[in-house]
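Descriptive analysis of the structure
Here's the letter readout for the chains.
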Amino acid sequence: MLDRLEILIGDKTKTLKQKTVLLLGLGGVGGHAFETLLRSGIGTIIVVDNDVIDETNLNRQLLSTNKNIGQYKVDEAKKRQKDINQECKIIKINKFINEENIESLFENKIDFVIDAIDTIKTKKQLIKKCIEKQIKIISVMGTGNKMDPTKLTITDIRKTSYDPIAKEIRKFIKEERINKKIPVVFSDETPIKTDKIGSNAFVPATAGIFAASYVINELIKE
């Protein structure tokens, strides 16, 4: 299935088959990150999400359909893997991650982490753990209330702006005196002001693909 990718990267597809990526979140961002990793031949994907598919997910989340509402996202990710890339190993972690159980994520050898979750406290803990364990990570900042996917970029957290999540992470990085660069997917688009957070099919999707493409390109450099 990787014939077309081999045209671009040659036998480095074998490298990707030997890698393990930990992906937290299978929503609008994480679902597209998962799909990209899956179709790029990553050998093992550890998917972490305790949520079920809801009707409100249909406008943007790749794993959601009218037929699987109420099903766990990690289970739907496993089903999709069987339909697309049967050589990929999926490890499902169906639980909410917090300070008490975050260490359990690292029971397997991990080559890269994609943070596609919304919980700021967990994002902070994840960054800290990855630095401690010397595991590469890319974290996705906010995509809600934004309409222009061309405003997305990958940069160090310190170079972000116009993003409430990024603001909290920057503060954390400063308080913890973290000198290491933390790559993030970030949009400098000013969010639309609304009473509730809105989203669309294209900004979160692009952010997820950006995150996964960064991981793939970094892994084949090694």
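So, here is what we can say about the structure in this document. The residue count restarts for each chain, going from 1 along the sequence in the order it is written. Totals for whole chains, interfaces and linings use all residues, but because this is a predicted model, local features are given only for residues with pLDDT of at least 70 and pairs of side-chain atoms are given and counted only at 80 or more. Side-chain numbers come from the whole structure's heavy atoms, not from hydrogens or water.

1. Points about helix H6 (residues 164-175)
Defined as follows: Counting from the N terminus, the helices are the DSSP runs of H or I reaching at least four residues and the strands are the DSSP runs of E reaching at least two. Helix span is expected to be 1.5 Å times the residue number reduced by one. Think of it in three bands: with a 1.4 Å probe and only protein chains considered, a residue is buried below 20% of the maximum accessible area for its type, exposed above 50%, and partly exposed in between. To obtain the arc, one takes the directions from the helix axis to the C-beta atoms. The contact criterion used throughout is that any non-hydrogen atoms of two residues lie within 4.5 Å. We call two N or O atoms a polar contact when they sit within 3.5 Å, provided that within protein one can donate a hydrogen and the other can accept it, with sequence-adjacent residues counted only if both atoms are side-chain atoms.
Between its first and last C-alpha, H6 extends 17 Å over 12 residues, near the 16 Å set by a 1.5 Å rise per residue. What H6 keeps buried is the set Ile165, Ala166, Ile169, Phe172 and Ile173. In a view along the axis of H6, the buried residues occupy a sector of 120°, so they form one face of it. Residues of H6 that are exposed and angled more than 90 degrees away from the buried face: Pro164, Lys167, Lys174 and Glu175. Contacts from the buried residues of H6 go to helix H5 (120-133). At the N-terminal end of H6, a side-chain oxygen is found 2.8 Å from the backbone nitrogen of Ile165, two or three residues along, and the residue is Asp163. Arg177 occupies a position one or two residues after H6 and carries a positive phi of about 55°.

2. What to know about the nonpolar core
The criterion, for reference: Each nonpolar core is a collection of buried residues, namely Ala, Val, Leu, Ile, Met, Phe, Trp, Tyr and Cys, held together in the definition by side-chain atoms within 4.5 Å.
Core analysis: the biggest nonpolar cluster contains 35 residues, and Phe34, Leu37, Ile45 and Ile114 have the highest contact counts within it. For this core, the secondary structure elements donating two or more residues are strand S1 (20-24), helix H3 (30-39), strand S2 (44-48), helix H4 (73-84), strand S4 (112-115), strand S5 (136-140) and helix H7 (203-221). For this core, the element with the most residues is H7, which contributes eight residues. Once you skip the residues sitting within four places of it in the chain, Leu37 turns out to touch Val21, Ile42, Ile45, Ile114, Ala212, Val215 and Ile216. Counting 29 residues, the second-largest nonpolar core is a separate cluster that includes Ile127, Cys130, Ile178 and Phe186.

3. Points about the pairing of S4
The line we're drawing: For two strands to pair, DSSP has to find at least two bridges joining them. With its strands directed away from the observer, a crossover is right-handed exactly when the path from the first strand over the helix to the second travels clockwise.
The alternating pattern of S4 places Phe112 and Ile114 and Val113 and Asp115 on opposite faces, both of which are buried. Where S1 meets S4, four bridges bridge the pair, whose relative direction is parallel. Of the residues in S4, the one forming a bridge with Leu24 is Asp115. As judged from the four bridges shared by S4 and S5, these two strands associate in the parallel manner. Directly across from Asp115, in S5, lies its bridge partner Ser139. Assessed by its sense of winding, the connection that carries the chain from S4 through H5 to S5 is right-handed.

4. Overview of unusual backbone geometry
Residue Asn145 is not a glycine yet carries a positive backbone phi of 60°. As for its placement among the helices and strands, Asn145 is situated in the loop between S5 and strand S6 (152-156).

5. A few points about the sheet that holds S5
We count it as follows: Between N-to-C directions, angles span 0 to 180 degrees; the directions come from axes that are lines fitted to C-alpha atoms, helices contributing only their stretch in contact.
Strand order in the open sheet formed by seven strands is S3-S2-S1-S4-S5-S7-S6, with mixed pairing between adjacent strands. The sheet is open, and its two borders are formed by strand S3 (89-93) and S6, each paired with just one other strand. Pairwise comparison of adjacent strand axes, ignoring direction, gives a mean angle of 20° for this sheet. In this structure, S5 lies alongside strand S7 (residues 183-187), joined through two bridges in parallel fashion. Considered in S7, the bridge of Ser139 is made with Val184. Contacting S2 and S3, H4 crosses the sheet at an angle of about 175° to S3.

6. Concerning the packing of H5 against H6
The relative placement of two packed helices is expressed as an angle between their axes plus a distance between the axes. As a reminder, the rule being used: Any angle that is under 35 degrees is reported as roughly parallel, and any over 145 degrees as roughly antiparallel; angles of 65 to 115 degrees are reported as roughly perpendicular and all others as oblique. A crossing counts as left-handed when the near helix is turned anticlockwise from the far one by less than a right angle, and as right-handed when that turn is clockwise.
One way to put it is that H5 packs onto H6 with a least axis distance of 10 Å and a crossing angle of 40°. With respect to H6, the element H5 is oriented oblique. Crossing handedness for the pair H5 and H6: right-handed. Contacts between H5 and H6 involve Ile120, Lys123, Lys124, Ile127 and Lys128 from the former and Ile165, Glu168, Ile169, Phe172 and Ile173 from the latter.

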